[in-house]
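Here is how the chains run, residue by residue.
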Amino acid sequence: MPTAPAATPLPDRWFRTIPDSAGLARPRLLARSLIDVGRLDENIRGYEKLTGVASDLRMPIPDFGGLELAAVDTMLLIASARPFTPIQRQTAYSVIVPSLDAELDRLRPSGTEVLEPPETILPGSRARVRYPDGSIAELVEHRPQPGEVARPPVAAAEHREARLLLRKAVSRAAFADALALYETLLDTPATDRARPEGPYDTELARIGELLLVGTDGPEYTETGTVRLAVLTSAPRDLSGAQPLAYSATQATSRHHVVRLHDGWRAEIWDPTVFTSGRKAGT
């Protein structure tokens, strides 16, 4: 009786808590940090300490540009021993989707453009797209390899001091359109909307892992390139974070910007802004 061929061994260090993304209820949005492969371990530890959750995937992909990936909460660390290409640097988001073909079909009516068509890779398959606002995203469908066993998830800290989100700032005039667009792109309704008191008319909405900020104040004009937000009631306890003044109005702002352990800048918000501030539309 013939025996089944042995499964090809996966690269060392490979693990995924969820090897098959088909069961995801909605796309999983991730920030992308492009780093040298020699910094991967220290960056994993830094984000685990910051967020209070353990890495849920690590994937060496030697046949795809020599990359090694790791995800911690909403941060995807992309490590490489060679320089990153311009398109890799221009890509704002990585999005793990239940089905790549279905996601592309769902996005086409929104005006999303396919820049790189689907191709098979070790984790499953991928494509690169440009959203209608010009942002570039890499969509990835995860499928298990033969013999791959899911690693059980590691429990998060009982009391998480910080929740890491992606941040997108737009002008107040563009806020409503951006909100509707990203609800469509992420297949997720907005929650936790607020208009906090302050010197500028600012509106916030959380769409899954994205914090959308609409303002004409310095949070948009001077820090529009800040791509992370941290919700925390204990900003002084953030591991490795250093306050970073960014304008003369900093002292009167309800929130502030910090530089994280790896050099990324993040806007800090107290989560009570969504319960104590003016609700959106009031």
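Residues numbered from 1 in each chain as written. Predicted model: local features only at pLDDT ≥ 70, side-chain atom pairs only at ≥ 80, totals over all residues. Heavy atoms only, no water.

Colleague: Could you clarify how one ought to interpret the overall build of the chain in this entry?
Modeller: Looking only at helices and strands, the chain has 6 helices and 17 strands in total. Residues counted as buried form 50% of the 282 residues belonging to the chain. For the chain, the proportion of contacts with a sequence separation of at least 24, taken over those separated by at least 6, is 66%. (Helix = DSSP H or I, 4+ residues; strand = E, 2+ residues; numbered from the N terminus. Buried < 20%, exposed > 50% of the residue type's maximum accessible area, 1.4 Å probe, protein only. Contact = heavy atoms within 4.5 Å.)

Colleague: When you look at the pairing of strand β12 (residues 203–207) in this model, what are you seeing that I'm missing?
Modeller: A regular strand carries its side chains on alternate faces of the sheet. In terms of burial, β12 is largely enclosed, as 5 of its 5 residues are buried. By the alternation rule, side chains of β12 split into Glu 203, Ala 205 and Ile 207 and Leu 204 and Arg 206, which are all buried. One ladder, built from 2 bridges, connects strand β11 (residues 191–194) with β12; its direction is antiparallel. Paired with Ala 194 across the bridge in β12 is Leu 204. Bridge count for β12 against strand β13 (residues 210–214) is 5 bridges, and the pairing is antiparallel. What sits directly across from Ile 207, in β13, is Leu 210. Between the end of β12 and the start of β13, which pair antiparallel, lie 2 residues, with Gly 208 showing a positive phi angle near 60 degrees. (Pairing = 2+ DSSP bridges.)

Colleague: Looking at this model, I keep getting lost on the pairing of strand β16 (residues 256–259). Mind explaining?
Modeller: Pairing analysis gives 4 bridges linking β16 to strand β17 (residues 265–269), with the strands arranged antiparallel. Residue Arg 259 lies in a different strand from β17, and its bridge partner there is Arg 265. Between β16 and β17, which pair antiparallel one after the other, the connecting turn spans 5 residues, and Gly 263 there sits at a positive phi close to 100 degrees.

Colleague: Looking at this model, I keep getting lost on the sheet that holds strand β5 (residues 75–80). Mind explaining?
Modeller: The pairing of strands in a sheet happens through backbone hydrogen bonds and is either parallel or antiparallel. With mixed pairing, the 9 strands of this open sheet are ordered in space as β1-β3-β4-β5-β2-β6-β9-β8-β7. Each edge of the open sheet carries a strand with a single partner, namely β1 (15–16) and β7 (113–121). The pairing of strand β3 (residues 57–61) with strand β4 (residues 67–72) spans 5 bridges and is antiparallel. Bridge assignment links Ile 61 to a residue of β4, and that residue is Leu 67. Packing against the sheet, helix α1 (residues 40–51) makes contact with β2 (28–36), β3, β4 and β5, and its axis sits at approximately 10 degrees to β4. (Axes fitted to C-alpha atoms, helices over the stretch in contact; angles between N-to-C directions.)

Colleague: Looking at this model, I keep getting lost on the packing of aromatic side chains. Mind explaining?
Modeller: Each aromatic ring pair is specified by the distance between its two centres and by the angle formed by the two planes. Tallied over the full model, the rule gives 3 aromatic pairs. Each ring, one from Tyr 93 and one from Tyr 182, has its centre 6.3 Å from the other, and the planes form 80 degrees; the classification is edge-to-face. You can see Tyr 93 sitting in strand β6 (residues 91–97) and its partner Tyr 182 sitting in helix α4 (residues 172–185), a full 89 residues away along the chain. A network of ring pairs unites the aromatic residues Tyr 93, Tyr 131 and Tyr 182 as a single cluster. Cation over ring: Arg 151 sits above Phe 15, and NZ or CZ is 3.7 Å from the ring centre. (Phe/Tyr/Trp six-rings, centres within 6.5 Å; stacked < 30°, edge-to-face > 60°. Lys NZ or Arg CZ within 6 Å of the ring centre and 35° of its normal.)

Colleague: Sorry, what's going on with the nonpolar core here?
Modeller: The nonpolar side chains of a soluble globular protein tend to be buried, and buried together. Tyr 47, Tyr 93, Tyr 131, Leu 139, Tyr 182 and Leu 228 are the most contacted members of the largest nonpolar core, which totals 48 residues. Looking at this core element by element, the count peaks at 6 residues for α4. Excluding residues within four positions of it along the chain, Leu 139 makes contact with Val 95, Leu 100, Glu 103, Leu 104, Leu 107, Ser 125, Arg 126, Ala 127, Val 129 and Tyr 131. Counting 12 residues, the second-largest nonpolar core is a separate cluster that includes Leu 67, Leu 69, Leu 76 and Ile 78. (Core = buried A, V, L, I, M, F, W, Y, C linked by side-chain atoms within 4.5 Å.)

Colleague: I tried to follow the side chain of Thr 188 on my own but got confused; where do I start?
Modeller: Note on placement: Thr 188 falls in the loop between α4 and β11. Exposure remark for Thr 188: the relative accessible area of 8% places this residue in the buried category. In terms of polar contacts, Thr 188 uses its side chain to reach the backbone carbonyl oxygen of Leu 186, at 2.7 Å. Leave out the neighbours within four places in its chain, and Thr 188 touches Arg 26, Glu 183, Ile 207 and Gly 208. (Polar contact = N/O pair within 3.5 Å; in protein donor to acceptor, adjacent residues only side chain to side chain.)

Colleague: Looking at this structure, how should I read the side chain of Ser 33?
Modeller: Mapped onto the elements, Ser 33 comes out in strand β2. Side-chain polar atoms of Ser 33 contact the side chain of Trp 264, separated by 3.3 Å. Ignoring sequence-local partners within four residues, the contact set of Ser 33 consists of Met 75, Leu 76, Leu 77, Ile 78, Asp 262 and Trp 264.

Colleague: So what exactly am I meant to see when it comes to the environment of Ser 21 here?
Modeller: Within the fold, Ser 21 resides in the loop between β1 and β2. Residues Ser 21 and Val 97 lie 76 residues apart in sequence; the distance between their C-alpha atoms is 6.4 Å. Leaving out residues up to four positions away in the same chain, Ser 21 has contacts with Ile 96, Val 97, Pro 98, Glu 141, His 142 and Arg 143. A distance of 2.9 Å separates the side chain of Ser 21 from the backbone nitrogen of His 142, its partner in a polar contact.

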